[in-house]
Amino acid sequence: MVVPTVQGGYMSLTDWSAFSLDRQFVGLKNFASAFRGEALDAAVRTLFLAVVTVIGQNVLGLLLAVLLNGRILGRNVLRTIIFAPLVVSPLVVGYLFKYIFGPPDAGALNALLEALGFAQVDFLGDPTIALWVIVLVVVWQSTGATMVIYLAGLQSVPPELHEAASLDGANAWQRFWNVTRPLLAPAITINLMLGLIGGLKLFDQIFATTGGGPGGQTKTISTLIYERFAQLGLYGESAALAIVLALGVAVLSVVQFAMLRRQEKKTS
């Protein structure tokens, strides 16, 4: 781990590319380009996707966990079904949704719309819709993991606390907010941390579903690193972007963890 990291740090300070065998030291030039133009747009888009997917998978995961923590018929089967997408490769999931949301006269969803008499939609050809399709892909695949962690937290809540709160006249929402929520603080911290880190590093689902298109409007930092390294041969610039991404993930994770731990102490 150490040797490639040091090598990558050195490469980020050079103009190394597929077009020249010589590596000239350029200082922080590659890092400066990481904060403007296409890279800046990709960074903003990456942060947007991370925040939206974290919110989506945690809200749905918590709702499903509360539902499946109760005594409902077939809850173990439902838990398995909801968790199942997580064991599938993100790349496979991306191609699956690419087929579902394919272009008019080709995609499964468009075929259904046509059969029902509705106009077909170019889901992946519209930048705004394509971005939300990626959100749907990530939330659909990741919700099962957050649900399992919340289920573990819910099952550790002593039922005596709920019984005591019921005797005091608390309704279901009051019991959840004042009894369950504080005890779920560690599970919330874990899910938000894992969700943010995963969201900032999104690559597979985007690569398989949109490839960064249309017109580069769904590119993230990870897909931009791949493009500049594997397709354009700009090794120095891609190394600089990779370091910026790693530092960004580290800083945001530390800040988020500190805030969540402080919140945990307040609710404990």
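For the structure, check the block above.
A.B. asks: Quick question: what am I supposed to make of the pattern of salt bridges here?
C.D. replies: Pairs can form between side chains of opposite charge whenever their charged atoms are close. Under the defined criterion, the tally for this structure stands at four salt bridges. Glu38 is paired through a salt bridge with Lys219; the nearest N and O atoms lie 2.6 Å apart. Of this pair, Glu38 sits in helix α3 (residues 38-68) while Lys219 sits in the loop between α11 (204-209) and α12 (221-231), placing them 181 residues apart in sequence. Note on Lys219: relative accessible area 11%, which makes it buried.

A.B. asks: What is the right way to look at the environment of Gln256 in this model?
C.D. replies: Tracing the chain through its elements places Gln256 in helix α13 (residues 235-267). Setting aside anything within four residues of it in sequence, one finds Gln256 in contact with Leu192, Met193 and Leu196.

A.B. asks: Got a minute to help me understand the packing of helix α4 (residues 75-83) against helix α7 (residues 127-155) in this structure?
C.D. replies: To describe two helices that pack against each other, one gives the angle between their axes and the distance between the axes. Between α4 and α7, whose axes approach to 8 Å, the crossing angle comes to 140°. The angle between α4 and α7 places the two elements in the oblique class. Taking contact as the criterion, the partners of Arg79, Ile82 and Phe83 in α4 are, on α7, Gly144, Ala145, Met147, Val148, Leu151 and Gln155. Looking at the contact of α4 with α7 residue by residue, the class counts come to six nonpolar, two polar and one charged.

A.B. asks: Sorry, what's going on with a nonpolar patch on the surface here?
C.D. replies: Together, Leu47, Val51, Ile55, Val59, Leu60, Leu63 and Leu252 make up an exposed nonpolar region whose accessible area comes to about 590 Å². Per-element accounting of the nonpolar patch gives the leading share, six residues, to α3. Considering the arrangement of structural elements, one finds Leu47 in helix α3.

Definitions and cut-offs
- Residues numbered from 1 in each chain as written.
- Predicted model: local features only at pLDDT ≥ 70, side-chain atom pairs only at ≥ 80, totals over all residues.
- Heavy atoms only, no water.
- Salt bridge = Lys/Arg side-chain N within 4 Å of Asp/Glu carboxyl O.
- Helix = DSSP H or I, 4+ residues; strand = E, 2+ residues; numbered from the N terminus.
- Buried < 20%, exposed > 50% of the residue type's maximum accessible area, 1.4 Å probe, protein only.
- Contact = heavy atoms within 4.5 Å.
- Axes fitted to C-alpha atoms, helices over the stretch in contact; angles between N-to-C directions.
- Parallel < 35°, antiparallel > 145°, perpendicular 65-115°, else oblique.
- Nonpolar A, V, L, I, M, F, W, Y, C, P; charged D, E, K, R; others polar.
- Patch = residues over 30% accessible without salt bridge, like charges linked within 9 Å, V, L, I, M, F, W, Y side chains within 5 Å.
- Areas by Shrake-Rupley, 256 points an atom, 1.4 Å probe, with all protein chains shown as cover.

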